[in-house]
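A look at the structure
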Amino acid sequence: MGKSARYDAIILGAGQAGPPLAERLTAKGLTVALVERKRFGGTCVNTGCMPTKTLVASAYAAHLARRAAEPIPPTTTSRSSPPISSTANRAA
């Protein structure tokens, strides 16, 4: 069996609160163990609370980057759209 270690505090989970708590306790001179089962940062950072708009914008940017080398298809009509009047959208 391996050598045992003694800790003043054992923090379970490296989510939002774990690392700052470990830092504060070690700053006070305590010996701390930080235990994380999966990913450092916890559920919120890795899978849970990421803002949807950020994920969608990132996916769109990746989509554009992947398609950047593709040729632009020719237009199917020879007519151009009529110009939009600057007064058409004003309320009467």
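Attention in this report is confined to the structure presented alongside it. Only a predicted model underlies this, so the values are computations on that prediction, with no experimental measurement involved.

Cut-offs applied
Residues numbered from 1 in each chain as written. Predicted model: local features only at pLDDT ≥ 70, side-chain atom pairs only at ≥ 80, totals over all residues. Heavy atoms only, no water. Core = buried A, V, L, I, M, F, W, Y, C linked by side-chain atoms within 4.5 Å. Buried < 20%, exposed > 50% of the residue type's maximum accessible area, 1.4 Å probe, protein only. Helix = DSSP H or I, 4+ residues; strand = E, 2+ residues; numbered from the N terminus. Contact = heavy atoms within 4.5 Å. Pairing = 2+ DSSP bridges. Right-handed = clockwise from strand over helix to strand, strands pointing away. Arc of directions from axis to C-beta. Patch = residues over 30% accessible without salt bridge, like charges linked within 9 Å, V, L, I, M, F, W, Y side chains within 5 Å. Areas by Shrake-Rupley, 256 points an atom, 1.4 Å probe, with all protein chains shown as cover. Salt bridge = Lys/Arg side-chain N within 4 Å of Asp/Glu carboxyl O.

Let us now look at the nonpolar core. Ala9, Ile11, Ala22, Leu25 and Val32 together form the largest nonpolar core, which totals five residues. Those elements that place two or more of their residues in this core are strand S1 (9–12) and helix H1 (18–27). Ignoring anything within four residues of it in the chain, the contact list for Ala22 reads Ile11 and Val32.

Below, the discussion takes up the pairing of S1. Of the two faces of S1, only one is covered, namely that formed by Ala9 and Ile11; the face formed by Ile10 and Leu12 stays uncovered. As defined by bridge partners, S1 adjoins strand S2 (residues 32–35) across four bridges and the pair is classed as parallel. Its bridge partner lying in S2, Leu12 is registered against Val35. Crossover S1 to S2 through H1 is right-handed.

Let us now look at H1. Taken together, the buried positions of H1 are Gly18, Ala22 and Leu25. On an axial view of H1, the arc spanned by its buried residues comes to 70 degrees, and they lie on one face. For H1, the exposed residues set more than 90 degrees away from the buried face come down to Glu23, Arg24 and Ala27. Of the residues one or two after H1, Gly29 is the one with positive phi, at around 90 degrees.

This part is about a nonpolar patch on the surface. On the surface, a nonpolar cluster with roughly 430 Å² of combined accessible area is contributed by Tyr7, Ile10, Leu12 and Val35. Structurally, Ile10 can be placed in strand S1. What makes Ile10 exposed here is its relative accessible area of 56%.

Let us now look at the environment of Val45. Relative to the elements of secondary structure, Val45 occurs in helix H2 (residues 42–48). Judged by relative accessible area, Val45 falls into the partly exposed class, the value being 46%.

Looking now at the pattern of salt bridges. Scanning all chains against the criterion turns up one salt bridge. For Glu70, the salt bridge identified is with Arg67, shortest N-O distance 2.9 Å.

Everything listed here is a matter of coordinates, which is why it stays silent on function.
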